[in-house]
Amino acid sequence: MDCWNFAEAVYRLGEGPTGTRPALVHDGDSIDYRELRRRSLGIGSFLDGLGLLAGAHVGHYMRNSNAYLETFVGAGLAGLSHVNVNYRYQDDELVELCNGLDIDVLIYDAPFADRVARIKPRLTRTRHFICVGGGGEDIDLAELYDHASQGFNPRTSSGDLVLIATGGTTGLPKGVQWRHEDIWRKQNVSTGVAMAPLGISEQPDSLAEHVANVARLPQAPPFLCLSPLMHGAGFLMAIMLLAQGVPVATLSGERFDPVRTVEAIAAQGIGMLVLVGDAFALPLLEVLEERPDEALLASLRMMVSSGASLSNACRDGLLRHQPELVVFDSLGSTETSGYAVCTPESGVFQPQPTTRVLDDELQPVEPGTDTIGMIYAGGYLPQGYYNAAEQTAETFVTIDGERMVRTGDRCTVRADGMLQLLGRDSTVVNTGGEKVYTVEVERVLLEHPAVDDVVVVGLPHPRFGKQVTAVIQPAGQAVLDNEALQSYARKKLADYKVPRKIYAIDSLCRAANGKPDYPFVVSYAESRLAEEL
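Since this is a predicted model, take the numbers as computed values, not measurements.

Scanning the protein chain from N- to C-terminus turns up 15 helices and 27 strands. What you see for the protein chain is a C-alpha radius of gyration of 23 Å, in line with the 24 Å of a compact globule of 533 residues. Along the first, second and third principal axes, the C-alpha atoms of the protein chain reach 70 × 50 × 50 Å. The buried share among the 533 residues of the protein chain stands at 56%. At a minimum sequence separation of 6, the contacts of the protein chain that also span at least 24 residues come to 66%. Here the protein chain contributes 45 positive and 68 negative side-chain charges, whose respective centroids are spaced 2 Å apart.

Now the structure itself:
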């Protein structure tokens, strides 16, 4: 049986005719597959010498850079498991993650050195530390590139695990355990996206055949990962494309910079990128509108939004600047990778063949009815959550003999089989006995020209239990007219879904991956409501 492992694939791409092709590009500086292979072998050799158990957990506490993927590949060559670490975490959160997911080795960026030094005495299992950039008490990652690798051979297998921490907004992060081969097959690495021009319909018999197929393709333009690699969406797409011979480009910086981004797209000839909804795309569009004659997106052919949908207005605006652009919204989660893709209509998705929509009695939802169902995802799936049997049993369920993921996403099924996404159970507002799915309300409000961004939450109401509340970041210098916004919403929504309260805010302070900071938004809305009482 062959080895379907991402680290092994990169290792082999670095030793053949593809070795001189660019693999990683950071701020315009690139290394080829041969150099990535050399660096990863050094990292893997060093880690192998630590005497860790097979599959031990290696934490990646880094912003986007070449080092993130170098260490992923290096750890993989040593048979160790990647664990992403959210770089926005404070001390207590970082300790909980490292201890809860049994991280043995923590690789961190130099700017985080002070925090790492503070928490070391509180870590129960983490005993080995590597610093990216050096300058501290721990070994510098660059010193490992030339680590003696004589006698070290990659210890890769299809069953090696990748852990992706998720769910921190609802409690302690859970470690989703994916086998390398299951990710590979789920993402159709050998047949899809960059491999599609070869017209291969079935996965090859061997990894060697896959590598040979990559060599048959011309050099691909770079893929720009705007989503943080420490989140599943960007990370999974990056390792897929890296295994397909596509250079993965990243940009430095603590915050998303739309000007720098469009200039990098033009300068580096970026062909594909991934971002998170309007939170990233709208600032890009604003720059493009200010510089319409520069053709800044001329090289771009595909844009993927994962984690949040693009509004119709934003999608149309991007297509005005690059008519050849293919824009995908991907509906999925860390537990599923993906289970539906976008259609030209905002909020409407085409389900994958392995996706089912079931009602509360686990019966299929009839297309064309108003029945609200739960989306269940099948096909290749993770093993479950690390050391969390009860949560695994709640999410990974068996229906009619098939193992599936209960996604938590609610939708209706149109007569044409398309899914009309309504939102997640965790964000439902129950008002007067009616369930309001916040995504549906947000989608409508985002179409209004005075709205730049919006998050809908539920606040207490003495009669109805909860009241639908919209916290809106106005577009430009717009002044919100609450009554006008409510009237606009009533044209497209049932009355009980229309926000009773609307509050303006300078910035919604979304996370680096574009996701809402619900505790912050709720606290702000509660304070505004208290002022009215």
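Moving on from the coordinates now.
Read across the open sheet, the eight strands follow the order β7-β6-β5-β3-β4-β8-β9-β19; overall the sheet is mixed. Unpaired on one side and paired on the other, β7 (139–140) and β19 (384–385) mark the two borders of the sheet. Where strand β9 (residues 174–179) and β19 come together, two bridges link them in antiparallel fashion. Bridging across to β19, V176 finds its partner in Y385.

Moving on, we come to the pairing of strand β18 (residues 373–377). Looking along a regular strand, one sees the side chains alternate between the two faces of the sheet. Counting buried positions along β18 yields five of five residues, so the element is predominantly enclosed. Pairing geometry for β18 and strand β21 (residues 402–413), over four bridges, is antiparallel. Residue pairing for β21: M374 is matched across the bridge by R410.

At a closest axis distance of 9 Å, the pairing of helix α9 (residues 258–268) and helix α10 (residues 277–290) adopts a crossing angle of 70°. By the angle class used here, α9 and α10 are roughly perpendicular. For the pair α9 and α10, the contacting residues are P258, V259, T261 and V262 in the first and P283, L284, V287 and L288 in the second. Here the residues of the contact of α9 with α10 sort into seven nonpolar, one polar and no charged.

This paragraph deals with unusual backbone geometry. Even without being glycine, D27 reaches a positive phi, approximately 50°. Take D27: it is sitting in the loop between β1 (22–26) and β2 (29–32). Even without being a glycine, A295 presents a positive backbone phi close to 50°. By the element assignment, A295 lies in the loop between α10 and β13 (302–306).

Here the focus is the packing of aromatic side chains. Considering all chains together, one arrives at seven aromatic pairs under this definition. Seen from their ring centres, F256 and F280 are 4.6 Å apart, and the 10° between their planes marks the pair as stacked. Of this pair, F256 sits in the loop between β11 (248–250) and α9 while F280 sits in helix α10, and the two are 24 residues apart along the sequence. The rings of W4, F6 and W184 are connected pair by pair, giving a single aromatic cluster. Against the face of Y11 rests R37, its NZ or CZ located 4.1 Å from the ring centre. Taking the ring centre of Y145 as reference, the NZ or CZ of R39 above it sits at 4.5 Å.

Within the fold, T343 resides in the loop between β15 (340–342) and β16 (348–351). The class for T343 is buried, based on a relative accessible area of 12%. Within the structure, T343 has its side chain in polar contact with the backbone oxygen of V348 (distance 2.9 Å). In contact with T343, not counting residues within four places along its chain, are R315, V348, F349, Q350 and M418.

Quick look at the sheet that holds strand β27 (residues 501–504) now. If you trace the three strands from one edge of the open sheet to the other, you get β25-β26-β27, paired in mixed fashion. Among the strands making up the open sheet, the edge pair consists of β25 (451–461) and β27. The mean angle between the axes of side-by-side strands here comes to 25°, regardless of whether they run parallel or antiparallel. In the sheet, β25 pairs with strand β26 (residues 465–474) via ten bridges, with the strands oriented antiparallel. Bridging from a neighbouring strand, P460 pairs with K466 of β26.

Conventions we followed
Residues numbered from 1 in each chain as written. Predicted model: local features only at pLDDT ≥ 70, side-chain atom pairs only at ≥ 80, totals over all residues. Heavy atoms only, no water. Helix = DSSP H or I, 4+ residues; strand = E, 2+ residues; numbered from the N terminus. Rg over C-alpha atoms; globule rule 2.2 N^0.38 Å. Buried < 20%, exposed > 50% of the residue type's maximum accessible area, 1.4 Å probe, protein only. Contact = heavy atoms within 4.5 Å. Lys, Arg positive; Asp, Glu negative; His and termini not counted. Charge placed at Lys NZ, Arg CZ, Asp CG, Glu CD. Pairing = 2+ DSSP bridges. Axes fitted to C-alpha atoms, helices over the stretch in contact; angles between N-to-C directions. Parallel < 35°, antiparallel > 145°, perpendicular 65-115°, else oblique. Nonpolar A, V, L, I, M, F, W, Y, C, P; charged D, E, K, R; others polar. Phe/Tyr/Trp six-rings, centres within 6.5 Å; stacked < 30°, edge-to-face > 60°. Lys NZ or Arg CZ within 6 Å of the ring centre and 35° of its normal. Polar contact = N/O pair within 3.5 Å; in protein donor to acceptor, adjacent residues only side chain to side chain.

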